[in-house]
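One letter stands for each residue in the lines below.
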Amino acid sequence: MTQTTTARIATLKSSVPVENARQRKRPLLPLFFWIVTGITMVPILVMILYSFNNTPTSRITFSWSGFTLYWYENLTQVDGLGQAFLVSVEVAVLSALVSVALGTPLAMALERHRFLARGPLSGVVFADIAAPSIVVGAASLSFFLSSNIPTGFGTILLVHVAFNIAYVVVVLRARLSGMGHALEDAAADLGATPFAAFWRVTFPLLIPGMLAGGLLSLAMSIDDYVITSFVAGPTVTFPLFVYGAAKVGLPPQVLCFGTIIFVVGVVIAVLNGILTRRLPVAPVVDVEAPLPE
Amino acid sequence: MTAIQATAPAASPTPGPAAPVRDGARKRWWLRHTTPYLLSLAGGAWLVILFIIPLVSGLVVSLETGNPDDGYTFTWNWGVYGSLFVNSDVSYLTFFLRSLGYGVSATLLTIVIGYPMAYFIAFRVSARWKNTLLLLVLISFLVSFVIRTDMWAFLLSDQGPVLTALRWAHLASKDFHILGTPGAVIGGIVYNDLAFMVLPIYAVLERLDARLLEAASDLYANRPQVFLRTVLPLSRSGIFAGVLLVFIDAVGDPVNASLLGGTHTYVIGQAIQDAYLTNQQYNVAAALSTVLMVVLGIILFAYARIAGTENIEDLV
């Protein structure tokens, strides 16, 4: 009785003490979270650890034979692996750039204008994200076969842009709707033409969103296996190489490349976290903050 | 002010000096109505040509007849759809049902595992740690999908550390395997798709008005009741978005079944891939992929109706 009353009063004052009290009393939820998160870390740790294993063969093995940097020093020793990695990086960078260039105006149109094609286009963007990769891959190959377009680097790029545009549009629409148009209206009131208002107000505000959309595209592209497997023709990307090698046992260098991508990803994520904390671009108004009692 | 200028000449009988103003208004009208089309032209065209038209040409290719050696010609062969499922040499129906079964199991498991995780981050973690924990949930995405799935195959293989340890402790017999079982495939899907469930649920829980929960306990709801009758119904849209993402991915995915499964876990995704890329039965592969899309569409539409979500688009 007294306990609940105290808890009630504490809730009214601030939620923090209650949270701590609950955390001490109910350790099940945090325990569950950390166990599951721990399990999801296992493959990452195994990948990093075994990229340093001095295996006697050129396939990964369980027995630990000592620490070595040999595989990192001989990254391109495996036939085709270095080439595949380069192809993946090229496709990822190019498709991210093109997707941002095409997706940003599309997001502007969908979020800031009412026009006839708006509904159908939003539907297409939604379907593009929702469609299963296997269907998109098979359909794309059907299209290239029917139109006698030979598959290869070019078709991989075309299709990667097609699925990345949708991600860029979603990220930028969220950003645009969060921004509101008060700042653009203010620019217009101060005599800016729509064009000037766009270049001097909207565009700079969109840069973080374009960066986020581009990074998401980069990640989706460099990691895509299913769709690429259909439209790659003779070209081999990094995921295609790994998939092929997985059947017979991975060369340790694959784990090195995986570790390098992982480290780059973590660095970008951490930098992004620090930068967004340092530079609040739009004023953050917490409309759902509890009213003072 | 512009409005007055634009309408005034229309009332005046002498249109001479007003013409440029009306031209300006027309130009602005024109600009306002063409701008969205100009903005969406390139991106929209790309999506139509490389996403919508391919889906249609998938249907077209499925209606072709022929063989890998002589090529295929379009013959309106609707019969392919029947022949794949009735008295077929290859039991595509089994692969379909198996895929749907794996998809449903994996989706339910991601809800059961992902919901508490999202709840924990939303309600039990102080604001400054939330982003870090979300990053931890997402961190697997920084490792290549095929590598992280193959790492499980590496760990769970018959000579791998997990089974070796279990056998050493006499918890598993010699002929107990993990790889090649439906459990391994479903587990792989759950591992790969968990974040797709955690994130949308978290996004909804995070926006939940804390005063509603307070109101529920003021009305004498105990803790389970607050959860079951307030939090859970309010987070339905998050679960819906998660189900959409996980289920679609899980049903079509060939990678988990291929790397973690065996001959008894062959799924429709693998069948489409093999028909297209290995056996070059283009019409069969295209027909299977069209059926998969239609089946998924019907299931998700029905689910959307039952779950009572008005606007699917708002969720993505």
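Owing to the predicted nature of the structure, the values given are computational and were not obtained by experimental measurement. (Residues numbered from 1 in each chain as written. Chains lettered and ligands numbered in written order. Predicted model: local features only at pLDDT ≥ 70, side-chain atom pairs only at ≥ 80, totals over all residues.)

Enquirer: Got a minute to help me understand the overall build of chain A in this structure?
Expert: The helix and strand tally for chain A stands at 13 helices and 0 strands. For chain A, the succession of helices and strands along the chain, N to C, is α-α-α-α-α-α-α-α-α-α-α-α-α. Expressed as a percentage of its 293 residues, the buried residues of chain A come to 37%. Sequence-distant contacts, at least 24 apart, represent 77% of the contacts inside chain A between residues at least 6 apart. (Helix = DSSP H or I, 4+ residues; strand = E, 2+ residues; numbered from the N terminus. Buried ≥ 20, exposed ≤ 12 C-beta atoms within 10 Å, placed from the backbone. Contact = placed C-beta atoms within 7 Å.)

Enquirer: Just checking my understanding: could you explain the overall build of chain B for this structure?
Expert: Assigned secondary structure in chain B consists of 14 helices and 2 strands. Here the C-alpha radius of gyration of chain B, 28 Å, is well above what a compact globule of 316 residues would show, namely 20 Å. On the principal axes, the C-alpha backbone points of chain B span a range of 100 × 75 × 35 Å. The 316 residues of chain B split such that 39% are buried. For chain B, long-range pairs separated by at least 24 residues make up 66% of all intrachain contacts whose partners lie at least 6 apart in sequence. (Rg over C-alpha atoms; globule rule 2.2 N^0.38 Å.)

Enquirer: Sorry, what's going on with the nonpolar core here?
Expert: Nonpolar side chains in soluble globular proteins tend to be buried together. Ranked by internal contacts, the top residues of the largest apolar core, which has 152 residues, are A138(A), V242(A), V198(B) and L288(B). Here A138(A) is in contact with F230(A), G58(B), I272(B), Y276(B), A285(B), A286(B) and S289(B), once residues within four sequence places are set aside. (Core = buried A, V, L, I, M, F, W, Y, C linked by C-beta atoms within 7 Å.)

Enquirer: For this particular structure, what's the right way to read the domain arrangement of chain A?
Expert: How big an interface is tends to be stated in terms of the accessible area lost upon association of its parts. Residue and element names in this part refer to chain A. Domain annotation of chain A identifies domain 1 (2-72) and domain 2 (76-278). The interface is formed by 12 residues belonging to domain 1 together with 10 residues belonging to domain 2. Elements supplying a minimum of two residues to the side of domain 1 that touches domain 2: α3 (28-50) and α4 (70-73). At 4 residues, α3 tops the list of elements feeding residues into the side of domain 1 that touches domain 2. Split by residue class, the side of domain 1 that touches domain 2 holds 7 nonpolar, 4 polar and 1 charged. (Domains from an automatic or database assignment. Nonpolar A, V, L, I, M, F, W, Y, C, P; charged D, E, K, R; others polar.)

Enquirer: In this structure, what is going on with the pairing of strand β2 (residues 71-74) of chain B? I would like to understand it.
Expert: Side chains on a regular strand alternate between the two faces of the sheet. Residues and elements named next belong to chain B. Across 4 bridges, the pairing between strand β1 (residues 64-67) and β2 is antiparallel. Within β2, the residue paired with G66 across the bridge is Y72. Counting the residues in the hairpin turn of β1 and β2 gives 3 residues. (Pairing = 2+ DSSP bridges.)

Enquirer: Explanation requested: the interface of chain A and chain B in the structure shown.
Expert: Every contact between the two is made by 72 residues of chain A and, on the other side, 76 residues of chain B. Split into classes, the residues belonging to the side of chain A that touches chain B amount to 53 nonpolar, 15 polar and 4 charged.

Enquirer: Even after reading the chapter, I still don't get unusual backbone geometry, so can you show me in this structure?
Expert: Phi at N148(A) is positive, roughly 55 degrees, even though this residue is not glycine. Here N148(A) is to be found in the loop between α7 (133-146) and α8 (153-179). Not every positive phi belongs to a glycine, and Q280(B) is a case in point at roughly 50 degrees.

Enquirer: How should the environment of E64(B) be read in this particular structure?
Expert: Mapped onto the fold, E64(B) is located in strand β1. Sequence separation between E64(B) and A286(B) is 222 residues, and the spatial gap between their C-alpha atoms is 9.7 Å.

Enquirer: What's the story with the confidence of the model for chain A in this structure? I'm lost.
Expert: One rule of thumb: low pLDDT means the predicted coordinates there are not for detailed reading. Residues and elements named next belong to chain A. Mean pLDDT over chain A works out to 85, with 86% of the residues at or above the 70 mark. Least confident of the elements in chain A is helix α1 (residues 2-13), whose mean pLDDT is 47; most confident is helix α11 (residues 226-231), at 96. This stretch, residues 5-19, has a pLDDT under 50; its non-local contacts, to residues over four places away or in other chains, come to 7 contacts. For the stretch residues 281-293, pLDDT sits under 50, and the model shows 10 contacts to residues farther than four places along the chain or on other chains. (pLDDT = per-residue confidence, 0-100.)

Enquirer: Explain the packing of helix α12 (residues 238-246) of chain A against helix α6 (residues 145-156) of chain B to me, please; I cannot follow it from the model alone.
Expert: In a pair of packed helices, the angle between the axes and the distance between the axes together describe the arrangement. Orientation of α12(A) relative to α6(B), taken along the N-to-C sense of each, is 20 degrees, at an axis distance of 9 Å. The pairing of α12(A) with α6(B) is recorded here as roughly parallel in orientation. Counting all contacts with α12(A), which are made through P239(A), V242(A), Y243(A) and A246(A), the residues of α6(B) involved are F145(B), V146(B), I147(B) and D150(B). (Axes fitted to C-alpha atoms, helices over the stretch in contact; angles between N-to-C directions. Parallel < 35°, antiparallel > 145°, perpendicular 65-115°, else oblique.)

Enquirer: Hey, could you run me through the environment of G71(B) in this one?
Expert: As for its placement among the helices and strands, G71(B) is situated in strand β2. Judged by local crowding, G71(B) falls into the exposed class, with 10 C-beta atoms found within 10 Å.

Enquirer: What exactly am I supposed to notice about the packing of α3(A) against α6(B) here?
Expert: At a minimum axis separation of 9 Å, α3(A) and α6(B) run at an interaxial angle of 85 degrees. Between α3(A) and α6(B), the interaxial angle falls into the category roughly perpendicular. For the pair formed by α3(A) and α6(B), the contact residues are P43(A), V46(A) and M47(A) on the first element and I147(B), R148(B), M151(B), W152(B), F154(B) and L155(B) on the second. Of the residues contributing to the contact of α3(A) with α6(B), the split by class is 8 nonpolar, no polar and 1 charged.

Enquirer: Where do I start with α3(A) in this structure?
Expert: Note on helix geometry: an α-helix contains 3.6 residues per turn, so any two residues three or four positions apart are oriented the same way. Helix length check: α3(A) (23 residues) gives 33 Å between terminal C-alpha atoms against 33 Å at 1.5 Å per residue, within 8%. Residue M41(A) marks the point of greatest curvature in α3(A), where the axis turns by about 35 degrees; the proline P43(A) follows within four residues. (Expected span 1.5 Å × (residues − 1). Bend = angle between axes of the 7 residues up to and from the residue.)

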